[in-house]
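A look at the structure
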Amino acid sequence: MKKLFFVLYLVLFSVFSFKFLVSSAFAQDSWVINNFDSNINILKNGQVQVDEIIGVDFGNLDKHGIFRYIPYVYENGDKTTYTNIDNLDVLQDSKKATTEITHDGHNLTLKIGDAGKTISGVHTYEIRYTVSGVILPYKDHDELYWNATGNNWETQILASKVRVNAPDGSIINAKCYEGPTGSTNLCNTNISSNYVTFSNKNTLYPSYGISIVVGLKKGVVTIINVPKPKTFLDKIFSFPSELTFGLSLLAGLGTIFFLWLKYGRDYWSSGISGYKNNNKGDAKPLLSGNEPTIVEFTPPENLPPAIIGVLIDEKADTLDVTSTIIDLASRGFIKITEVPKKWLFGKVDYKLKKQNKDISKLYKYEKDLMDGLFEDGDEVTISSLKTTFYDNLMKVKEDLYQEVVDKKFFFDNPEKIRQKY
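To start, this report covers the structure provided alongside it. Computed from a prediction, not measured in an experiment: that's the story for all the values here.

About the thresholds
- Sequence positions are assigned chain by chain, starting from 1 and proceeding in written order.
- It should be noted that, the model being predicted, local features are given only for residues of pLDDT at least 70 and side-chain atom pairs only at 80 or more, the latter also being counted only at that level, while totals for whole chains, interfaces and linings use all residues.
- Side-chain figures throughout are based on the complete set of non-hydrogen atoms in the structure, without hydrogens or water.
- Labels follow the DSSP assignment, with helices taken as runs of H or I lasting at least four residues and strands as runs of E lasting at least two, numbered in each case from the N terminus.
- Multiply 1.5 Å by the residue count of a helix minus one, and that product is the helix's expected span.
- Throughout, exposure labels follow a simple rule: accessible area from a 1.4 Å probe, protein chains only, divided by the maximum for the residue type, with under 20% read as buried, over 50% as exposed, and the rest as partly exposed.
- Each pair of strands is called paired provided DSSP finds at least two bridges between the two strands.
- Axes here refer to lines fitted to C-alpha atoms; in helices the fit is confined to the stretch in contact. Angles between the N-to-C directions go from 0 to 180 degrees.
- In this description, a disulfide is simply a cysteine sulfur pair whose atoms lie within 2.5 Å.
- Orientation categories follow fixed angle ranges, with anything under 35 degrees roughly parallel, anything over 145 roughly antiparallel, 65 to 115 roughly perpendicular, and all other angles oblique.
- A clockwise turn of the near helix away from the far one marks a right-handed crossing, whereas an anticlockwise turn of less than a right angle marks a left-handed crossing.
- We call two residues in contact whenever any of their non-hydrogen atoms come within 4.5 Å of each other.

Between its first and last C-alpha atoms helix α5 (residues 318-330) spans 19 Å; for 13 residues at 1.5 Å apiece the expected length is 18 Å, and the two agree. Looking only at α5, the buried set comprises D320, V321, T322, S323, T324, I325, I326, D327 and L328. Among the residues trailing α5, G332 stands out with phi positive, at a value near 90°.

Structure below.
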């Protein structure tokens, strides 16, 4: 018994250790923003025109593009200010960029880039838009407060310059802060009567940014008040009759409960040999009923770890595929050896070598995994798979789902069922 538990411990330790090593090997080096320049024009009608130029260097990485998070909700103590962002225009290398726009929390999220195309090296993005409601009134002055870069970048910004242009003679003071959210570290500021320039003193690391404050003479610029955007519930309760909403809610909840009662409950069998010949058994009782617990000391039906992984969480994930590599190695189909670091700060790599062993009796997902790993030869390193193995990985997962359906462990692909609901 002790030997059995010791062996199980070694298998689990190996699986999780190998997952960590694979994750490390697949990690990419970082990219960098060389410059983030903003030109901001304050108009007398209260609108603010923003023109951003973002120069990035992806190096040798294969990237689809960038995410730009533009704040449109600002919180200052117990006061929350809302803004509108309009007239959006996005260019990539002076050409119209493919852009997906969503609202995420307090940010307008721009997903810039073609999902079907990767790029590398140096690229320039230009983002132009108009903001309303960003000029705030105070007793003796008006004020522009603006998070120029946003604080959601996952890489560093080497240089950032911001120029704010205002109606002649209206600028009375200005400040600039750099660093993480809430930082009081001042950045470089140069003020004149109708414009002010800002720049960072230090490199802006991930989640760092630049926020600017420009004080204006009272009354020179029209103040635009933007109301809080209506939420879904606000729109519902704005209907003429709240009774209609209440009845619709009850009908919706009733429909959901009916669908769960008819299709959503687990099936069970009072015996240990249920689920034979496509017999689902009976729906499990709502308030009672317990299936017998049978103790087993070996994997059910000598199943491999990947299938057991799907049974446990109803998902075919990367850890299940990783465990299959370990399992195939333990069964003599693959040999795993460590490749030492080539220099002091290098990364440890691992080499997988295909063994001369018949794979005809393997499960289909295991065969496809072997074919995917060794499609270019009998040896491959983990690091070489990071940009080429994705399609093969998805195919192996699909095969794994099909395997558990073929074995009658599920009546349909659990991933498709999740997507449908």
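Moving on, we get to the side chain of N392. Position of N392 relative to the elements: it lies in helix α7 (residues 390-406). What makes N392 buried here is its relative accessible area of 18%.

Overall, antiparallel pairing links the four strands, which are arranged β11-β12-β17-β14 in an open sheet. Strands at the two margins of the open sheet, each flanked by one partner only, are β11 (135-137) and β14 (171-179). Within this sheet the neighbouring strands show an average axis-to-axis angle of 20°, counted without direction. Looking at chain direction, β14 and strand β17 (residues 209-216) are connected through eight bridges and run antiparallel. Of the residues in β17, the one forming a bridge with C176 is I212.

To continue, consider the state of the cysteines. Inspection of every chain in the model, using the stated rule, returns one disulfide. In this model, C176 is linked to C187 through a disulfide, with the two sulfur atoms separated by 1.7 Å. Taking the sign of the S-S torsion, about -100° here, the bridge from C176 to C187 comes out left-handed. With C176 in strand β14 and C187 in the loop between β14 and β15 (188-191), the pair connects residues that are 11 residues apart, well separated along the chain. Overall, C176 belongs to the buried group, its relative accessible area being 0%.

Before going further, it helps to examine the packing of helix α4 (residues 305-313) against α5. Running from N to C, α4 and α5 point in directions that differ by 155°, and their axes come no closer than 8 Å. Put simply, α4 runs roughly antiparallel to α5. The crossing of α4 and α5 is right-handed. Contacts between α4 and α5 involve P305, A306, G309 and V310 on the former and, on the latter, D320, S323, T324 and D327.

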